[in-house]
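Below, each chain spelled out in residue letters.
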Amino acid sequence: MGLLYLALTQSRAAPAWLLQPVQLPEISRDEPASPEVLQALLRRSAYLGGTRRNGPALLIRQFDLHTEIPERPRRGIITYTVQAGDTLFGIAEKFQLRPETILWANYDVLQDDPHLLDIGQVLNIPPVDGVLHTVKEGETLEEIAKKYKVTPDAIRNAEWNGLMEGGEPQVGQVLIVPGGSRPFMGWTPPRRSYVVIAGGKRMPAGACPNVQVAPLGTGSFIWPVNSRWRSGYDFTAYHPGVDFAGRLGDPVYAADAGTVVYSGWSTVGYGNLIVLDHGNGYQTYYAHLSQIFVGCGQQVAKGATIGLVGSTGRSTGPHLHFEIRGPGGFVNPWQVLP
């Protein structure tokens, strides 16, 4: 230290702050030094790093001990493999997207049905909320934009698409449509597992052909199960029903008087399914049943036990998926149940 002091005083007058001792507090091995101590040591190191010809190294890089690395936007579509315990909402939150964006980007896997989510599936994850569109022969950018209710510039200016000003997308190109939306495909009874009826016509296995539907419905509904709370998905545009909690084997009741127009297995997620037509423009759906007590064409009274709560089909535990369909489309059960 004596030689260092002598060299400094002979070559130039050292600044006062350089000759002041740095008081190092008593700290444990695992406790970091304070920002003030680190700054003082850094200034000395920078000054002594200079040469007599160049002078002291006066450019001292300031640092922040609490620097946060900003999140960078994704540069395009990535993939995600569904893990045990994942839900549609959880995956959407993980990537800061809306749940419907995940469904729209993966129709070939999920078919607009969140119940079809399964471990091991590989999902497309867009960088922003919107729709993915694969360009078909003859499609123009203007037509694609109109389909998803956005402007052509919204698609053209999306950096991920690599479109030039005035250019058209290529056939087979997957476009990211920021802010785009489309209707969800309505759930229907299965198109597979057919039975053949008179005349060679094929019908889904649980369908009830040639059933005469009487106007039995009262126009009001009662609870289809004993519970009054949700256990699973709520009513949304992409889940047009409510998953009501229930234990395996709990009774399921007819929400209104009606005629059975579907009774059997569904291969598109419903499991054991009953559909009642109430003869007044309304139908009710009861899915994932463990047992079915009614058959095709049977007329049932309001409140009659028609089946038991189960976990059949695409289900992660015992519950009743309940839907109401009216003349104007799906009805939110919460708005009509007492």
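Here the structure is shown first, and the text comes after it.
Let me sum up the structure you'll find in this document. (Residues numbered from 1 in each chain as written. Predicted model: local features only at pLDDT ≥ 70, side-chain atom pairs only at ≥ 80, totals over all residues. Heavy atoms only, no water.)

Below, the discussion takes up the sheet that holds strand β8 (residues 251-253). If you walk across this open sheet you meet the 3 strands as β8-β14-β12, and the pairing is antiparallel. Only two strands of the sheet have a single neighbouring strand rather than two, namely β8 and β12 (291-292). Taken together, the 3 bridges between β8 and strand β14 (residues 305-308) define a ladder with antiparallel strand orientation. Looking at the pairing, Tyr-253 lines up with Thr-305 of β14. (Pairing = 2+ DSSP bridges. Helix = DSSP H or I, 4+ residues; strand = E, 2+ residues; numbered from the N terminus.)

Moving on to the pattern of salt bridges. Side chains that differ in charge, positive against negative, can pair when their charged atoms come close. Applying the stated criterion across every chain, the model contains 7 salt bridges. A salt bridge links Asp-112 to Arg-182, with the nearest nitrogen and oxygen atoms 2.9 Å apart. Residue Asp-112 is found in the loop between α6 (107-110) and β2 (122-125), and its partner Arg-182 is found in the loop between β4 (174-178) and β5 (194-196); the two are separated by 70 residues along the sequence. The salt bridge involving Asp-234 is made with Arg-230; its shortest N-O contact spans 3.6 Å. Classification of Arg-230 as partly exposed rests on a relative accessible area of 41%. (Salt bridge = Lys/Arg side-chain N within 4 Å of Asp/Glu carboxyl O. Buried < 20%, exposed > 50% of the residue type's maximum accessible area, 1.4 Å probe, protein only.)

On to the nonpolar core, then. Grouped together as the largest cluster of nonpolar side chains are 29 residues, with contacts concentrated most on Ile-91, Ile-102, Leu-123, Ile-125, Ile-155 and Leu-175. Counting residues per element, the ones that place at least two in this core are α4 (88-94), α5 (99-104), β2, α7 (141-147) and β4. In contact with Ile-102, not counting residues within four places along its chain, are Leu-88, Ile-91, Ala-92, Leu-97, Leu-123 and Ile-125. Grouped together as the second largest cluster of nonpolar side chains are 22 residues, Val-225, Phe-244, Val-300 and Leu-337 included. (Core = buried A, V, L, I, M, F, W, Y, C linked by side-chain atoms within 4.5 Å. Contact = heavy atoms within 4.5 Å.)

Another point: the state of the cysteines. A covalent bond bridging the sulfur atoms of two cysteines is what the word disulfide describes. Within this structure, the stated rule accounts for 1 disulfide. One disulfide in the model links Cys-208 with Cys-296; its S-S distance is 2.0 Å. In this structure, the disulfide formed by Cys-208 and Cys-296 twists by about -70° around the S-S bond and is classed as left-handed. A residue pair is termed long-range when its members are at least 10 positions apart, and Cys-208 in the loop between β6 (202-204) and β7 (242-245) and Cys-296 in the loop between β12 and β13 (299-300) qualify at 88 residues. The class for Cys-208 is buried, based on a relative accessible area of 9%. In this structure Cys-296 comes out as partly exposed when scored by relative accessible area, which is 44%. (Disulfide = S-S within 2.5 Å.)

In this structure the tally under the stated criterion is 8 aromatic pairs. Between Tyr-270 and Tyr-285 the ring centres are 6.0 Å apart and the planes differ by 45°, which places this aromatic pair in the tilted class. Of this pair, Tyr-270 sits in the loop between β9 (258-266) and β10 (271-277) while Tyr-285 sits in strand β11 (residues 283-289); the two residues are 15 residues apart in sequence, bridging distant segments of the chain. You can call Tyr-285 buried: its relative accessible area is 3%. Relative to Phe-322, the ring of Tyr-286 has its centre 5.4 Å away and its plane inclined at 55°; by these criteria the two rings are tilted. (Phe/Tyr/Trp six-rings, centres within 6.5 Å; stacked < 30°, edge-to-face > 60°.)

Okay, the pairing of β14 next. Bridging between β12 and β14 involves 2 bridges; their strand directions are antiparallel. Bridging across to β14, Gln-291 finds its partner in Leu-308.

Mapped onto the fold, Pro-169 is located in the loop between α8 (152-156) and β4. Residues Pro-169 and Thr-140, spaced 29 residues apart in sequence, show a C-alpha to C-alpha distance of 7.5 Å.

With that settled, consider the side chain of Ser-263. You can see Ser-263 is positioned in strand β9. For Ser-263, a relative accessible area of 17% corresponds to the buried category. At a separation of 2.7 Å, a polar atom in the side chain of Ser-263 contacts the main-chain carbonyl oxygen of Val-294. Not counting chain neighbours up to four residues away, the residues in contact with Ser-263 comprise Gly-206, Cys-208, Leu-273, Ile-292, Val-294, Gly-295 and Cys-296. (Polar contact = N/O pair within 3.5 Å; in protein donor to acceptor, adjacent residues only side chain to side chain.)

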